[in-house]
Amino acid sequence: MRSHLLNDTTAEHYRRSVTAGVERVAAKLAATDRPFTGISVDELSPVVDAIDLDRPLGDASAALDELDRVYLRDAVYFHHPRYLGHLNCPVVIPAVLGEAVLSAVNSSLDTWDQSAGGTLIERRLIDWTAARIGLGPAADGIFTSGGTQSNLQALLLAREEAKSRPEHFTRLRIFTSECSHFSVQKSAKLLGLGPDSVVSVPVGQNKRMQTVALARALEQCVAEGDVPMAVVATAGTTDFGSIDPLPEIAALCDQYSTWMHVDAAYGCGLLASRERRHLLDGIEHADSVTVDYHKSFFQPVSSSAVLVRDRVTLRHATYHAEYLNPQRMAEERIPNQVDKSLQTTRRFDALKLWMTLRVMGADGIGELFDEVCDLAAEGWRLLTADPRFDVVVEPQLSTLVFRCIPASATAPAEIDRANLYARKALFASGEAVVAGTKVGGRQYLKFTLLNPETTARDIAAVLDLIAGHAEQYLGDSLDRAS
């Protein structure tokens with residue numbers, strides 16, 4: 001079995017095995033003509049369940065053959081131009097190269113003596129991102145597994161830094177828009193705050209937080225003897241891509257001595273944009289910022305970070321263990337990243353972004369993100385001109401929320417069912433993948449455009465497919481009713 005360990009004696013075996021895997025994936029990518037095969041859970045589950053994991057195949061080629069049947073053949077491929085579903089991006093080749101390197105070397109980014117240069121590369125990228133945001137010379141941060149973890153750590157710091165923190169956390173309040181990510185509520189629960197700790201602030205027709213409503217909510221909070229712990233502004237909501245009014249929110253946070261966190265998991269791609277960077281004006285006032293490079297920087301999952309204005313606040317995540325990062329190491333200025341992180345063992349995910357910047361440059365990333373934002377604007381024009389569809393809001397980023405309004409449907413509930421059916425039928429066909437959500441209690445569909453290879457022609461074709469499925473559903477319903 002030692003022949004399977006990666007070391008100096010098996011380097012050639014490693015090269016052959018990985019090359020074979022790369023060739024399989026490359027062939028699959030080249031031959032993929034739709035984002036999904038349409039296979040159902042009931043069809044695929046027995047295939048996976050039938051595999052006896054206690055009887056190894058003993059051969060990488062045979063394992064790859066089997067993997068094709070249980071995974072590669074039926075995977076959802078985000079690189080296909082008609083994948084328009086969730087916040088999943090096609091990935092850039094330099095980042096995939098970085099992924100291959102980091103997996104093989106397998107550095108752990110918790111301590112210097114497990115990573116060496118990996119630690120310095122991650123720190124350099126944190127400094128680079130903080131400078132792009134404009135957080136100032138005292139900024140710092142850490143790579144995380146994703147936006148949910150980044151938001152959790154930011155709110156942990158906010159809780160510990162809360163002014164006049166009460167004895168009981170039940171008096172602490174977090175303010176965020178009604179369109180913000182669910183991880184805000186999840187974080188509040190994990191941090192031991194009360195069920196009423198998250199205050200939902202209304203949004204306007206543009207789906208951006210109403211600062212007048214926020215000001216009123218903060219004033220009421222203080223009047224009731226509660227403590228405004230944090231305001232979470234969103235720079236790119238999951239459903240609408242809307243960006244909250246950051247300068248106005250920053251002013252209110254300053255007025256109430258409240259921690260300002262900006263969830264820019266989606267909108268962080270604007271940091272690399274030469275055309276749209278101004279949309280993030282005000283983010284430089286934040287106390288903490290979430291960025292997801294694996295969304296709008298076209299990186300493989302996972303690649304995220306949380307940045308803070310004042311590196312001292314990261315002490316709330318610091319614990320020392322003699323067997324890992326004793327206090328003396330900090331005194332000797334040995335850079336152990338675990339001193340800032342909620343995780344201990346941690347992948348060298350920063351290498352993917354490093355390789356991307358060194359090959360493509362930030363402008364290259366920004367150009368790709370600008371392309372999908374331009375595409376969303378074109379999609380908006382298509383939808384507003386098409387009487388078959390109702391579109392909710394003009395996009396700031398690259399998301400379109402809409403629904404089909406079939407000519408033969410009149411009841412709102414019937415329209416809801418037709419849109420639900422259209423999404424499911426489209427997924428089952430494998431021809432395209434779209435997402436769904438609810439707006440005002442009604443069922444809507446969603447295009448999340450993160451692929452520069454997607455065209456307006458693709459959007460128009462998918463809209464025709466959706467309308468066809470919706471009309472088919474209504475026709476079938478009439479047949480059944482008669």
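Above this text is the structure in question.
Residues numbered from 1 in each chain as written. Predicted model: local features only at pLDDT ≥ 70, side-chain atom pairs only at ≥ 80, totals over all residues. Heavy atoms only, no water.

Trainee: Please clarify how the overall build of the chain should be interpreted in this entry.
Mentor: Across its full length, the chain carries 16 helices and twelve strands. For the chain, the C-alpha radius of gyration of 24 Å lies close to 23 Å, the compact-globule estimate for 482 residues. Its C-alpha atoms put the chain at 80 × 70 × 45 Å along the principal axes. Put simply, the chain has 482 residues, and 52% of those count as buried. A total accessible area of about 22600 Å² is found for the chain, and carbon and sulfur atoms account for 53% of it. Across the chain, the centroid of the 48 positively charged side chains sits 1 Å from that of the 62 negatively charged ones. (Helix = DSSP H or I, 4+ residues; strand = E, 2+ residues; numbered from the N terminus. Rg over C-alpha atoms; globule rule 2.2 N^0.38 Å. Buried < 20%, exposed > 50% of the residue type's maximum accessible area, 1.4 Å probe, protein only. Areas by Shrake-Rupley, 256 points an atom, 1.4 Å probe, with all protein chains shown as cover. Lys, Arg positive; Asp, Glu negative; His and termini not counted. Charge placed at Lys NZ, Arg CZ, Asp CG, Glu CD.)

Trainee: Quick question: what am I supposed to make of the sheet that holds strand β12 (residues 442-448) here?
Mentor: Sheet architecture is open: five strands sit in the order β1-β11-β12-β10-β9, paired in mixed fashion. Sheet topology places β1 (83-84) and β9 (389-391) at the edges, where each strand pairs with a single neighbour. Seen against the sheet, helix α14 (residues 362-384) touches β9 and β10 (399-404) and runs at an angle of roughly 20° to β10. Strands β10, β11 (433-439) and β12 of the sheet are contacted by helix α15 (residues 412-429), whose axis makes an angle of about 35° with β12. (Pairing = 2+ DSSP bridges. Contact = heavy atoms within 4.5 Å. Axes fitted to C-alpha atoms, helices over the stretch in contact; angles between N-to-C directions.)

Trainee: Would you mind showing me how to read the pairing of strand β2 (residues 140-144) here?
Mentor: Looking along a regular strand, one sees the side chains alternate between the two faces of the sheet. The element β2 is largely enclosed, with a buried count of five among its five residues. In β2, alternate side chains face the same way, and those of Asp 140, Ile 142 and Thr 144 on one face and Gly 141 and Phe 143 on the other are all buried. Summarising the sheet, β2 and strand β8 (residues 304-308) pair through five bridges and their orientation is antiparallel. Counted as the bridge partner of Phe 143 is Ala 305 from β8.

Trainee: It is not clear to me how the pattern of salt bridges should be interpreted in this structure. Could you clarify?
Mentor: Any two side chains of opposite charge can pair, given that their charged atoms come close. Applying the stated criterion across every chain, the model contains 27 salt bridges. When the shortest N-O distance is used, the salt bridge between Asp 458 and Arg 82 registers 2.9 Å. Placement of Asp 458 in helix α16 (residues 456-481) and of Arg 82 in the loop between α3 (60-70) and β1 is noted, with a sequence separation of 376 residues between them. Here Arg 82 falls in the partly exposed class, since its relative accessible area comes to 23%. Where Glu 99 meets Lys 352, a salt bridge forms, and the shortest distance between an N and an O atom there is 3.0 Å. In this pair, Glu 99 is assigned in helix α4 (residues 93-105) and Lys 352 in helix α13 (residues 350-359), connecting sequence segments 253 residues apart. Take Glu 99: its relative accessible area is 17%, and that puts it in the buried class. The structure contains a network of salt bridges with shared partners spanning Glu 99, Arg 347, Asp 349 and Lys 352. (Salt bridge = Lys/Arg side-chain N within 4 Å of Asp/Glu carboxyl O.)

Trainee: Which parts of the structure should I look at to understand the layout of surface pockets?
Mentor: Over the atoms, a rolling probe the size of a water molecule traces out where space has been left empty. As a volume, the largest pocket reaches approximately 1500 Å³. In this structure, the largest pocket is lined by 41 residues; those nearest its centre are Val 25, Leu 29, Val 91, Val 96 and Pro 300. Among the secondary structure elements, those contributing two or more residues to the lining of the largest pocket are α1 (11-31), α3, α4 and α11 (293-296). For the lining of the largest pocket, the class distribution of residues is 31 nonpolar, seven polar and three charged. (1 Å grid on protein atoms, 1.4 Å probe; cavity = no way out; pocket = protein on both sides within 12 Å on 5 of 7 lines; lining within 4 Å. Points joined across faces, edges and corners; volume = space filled by probe spheres on them. Nonpolar A, V, L, I, M, F, W, Y, C, P; charged D, E, K, R; others polar.)

Trainee: Even after reading the chapter, I still don't get the nonpolar core, so can you show me in this structure?
Mentor: Side chains that are nonpolar tend, in soluble globular proteins, to be buried together. Counting residues in each nonpolar core, the largest one holds 63 residues, and the members touching the most others are Leu 214, Val 262, Val 289 and Phe 369. Contact partners of Leu 214, with chain neighbours within four places excluded, come to Phe 175, Val 201, Met 209, Val 231, Ile 249 and Leu 252. Within the second largest apolar cluster, 28 residues are counted, among which are Leu 375, Ile 415, Val 434 and Ala 470. (Core = buried A, V, L, I, M, F, W, Y, C linked by side-chain atoms within 4.5 Å.)

Trainee: What is the right way to look at the side chain of Thr 356 in this model?
Mentor: Tracing the backbone through its elements, the reader meets Thr 356 in helix α13. Judged by its relative accessible area of 0%, Thr 356 falls in the buried class. Excluding residues that lie within four positions of it along the chain, Thr 356 makes contacts with Val 92, Pro 94, Ala 95, Gln 299, Gly 361 and Ile 365.

Trainee: Just to check I follow, could you spell out the sheet that holds strand β5 (residues 227-234) for this structure?
Mentor: Sheet strands pair via backbone hydrogen bonds, and the direction of the pair is either parallel or antiparallel. What the seven strands build is an open sheet, ordered β2-β8-β7-β6-β5-β3-β4; its pairing is mixed. Each end of this open sheet is capped by a strand with a single partner; those strands are β2 and β4 (198-201). Across this sheet, the average inter-strand angle for adjacent strands is 20°, counted without regard to direction. By the bridge criterion, four bridges tie strand β6 (residues 259-264) to strand β7 (residues 288-292) in an arrangement that is parallel. Note on β7: the bridge partner recorded for Asp 263 is Thr 290. Packing against the sheet, helix α9 (residues 211-223) makes contact with β3 (172-177), β4 and β5, and its axis sits at approximately 165° to β5.

Trainee: Would you take a moment to explain the side chain of Glu 99 for this structure?
Mentor: A polar contact of 3.0 Å, which involves the side chain of Glu 99, links it to the side chain of Lys 352. Once residues within four sequence positions are removed from consideration, Glu 99 is found in contact with Pro 300, Val 301, Arg 347 and Lys 352. (Polar contact = N/O pair within 3.5 Å; in protein donor to acceptor, adjacent residues only side chain to side chain.)

Trainee: Any chance you could explain the packing of aromatic side chains here in plain terms?
Mentor: Working definition: an aromatic ring pair is given by the centre-to-centre distance plus the angle between the planes. Under the counting rule described, the total for this entry stands at eight aromatic pairs. Ring geometry for Phe 143 against Tyr 293: centres 5.4 Å apart, planes inclined by 25°, an arrangement best described as stacked. With Phe 143 in strand β2 and Tyr 293 in helix α11, this pair connects stretches of sequence that are 150 residues apart. On the basis of relative accessible area, Phe 143 is assigned to the buried category, the value being 2%. (Phe/Tyr/Trp six-rings, centres within 6.5 Å; stacked < 30°, edge-to-face > 60°.)

Trainee: I keep staring at helix α8 (residues 183-190) and nothing clicks. Help me out?
Mentor: Because the α-helix completes a turn every 3.6 residues, residues three or four places apart line up on one side. Regarding α8, the residues found buried are Ser 183, Val 184, Ser 187 and Ala 188. One side of α8 holds all its buried residues, which, seen down the axis, span an arc of 145°. Counted as exposed and oriented over 90 degrees from the buried face of α8: Lys 189 and Leu 190. Buried residues belonging to α8 abut α7 (147-161), β3, β4 and β5. Downstream of α8 by a residue or two, Gly 192 has a phi angle that is positive, lying close to 80°. (Arc of directions from axis to C-beta.)

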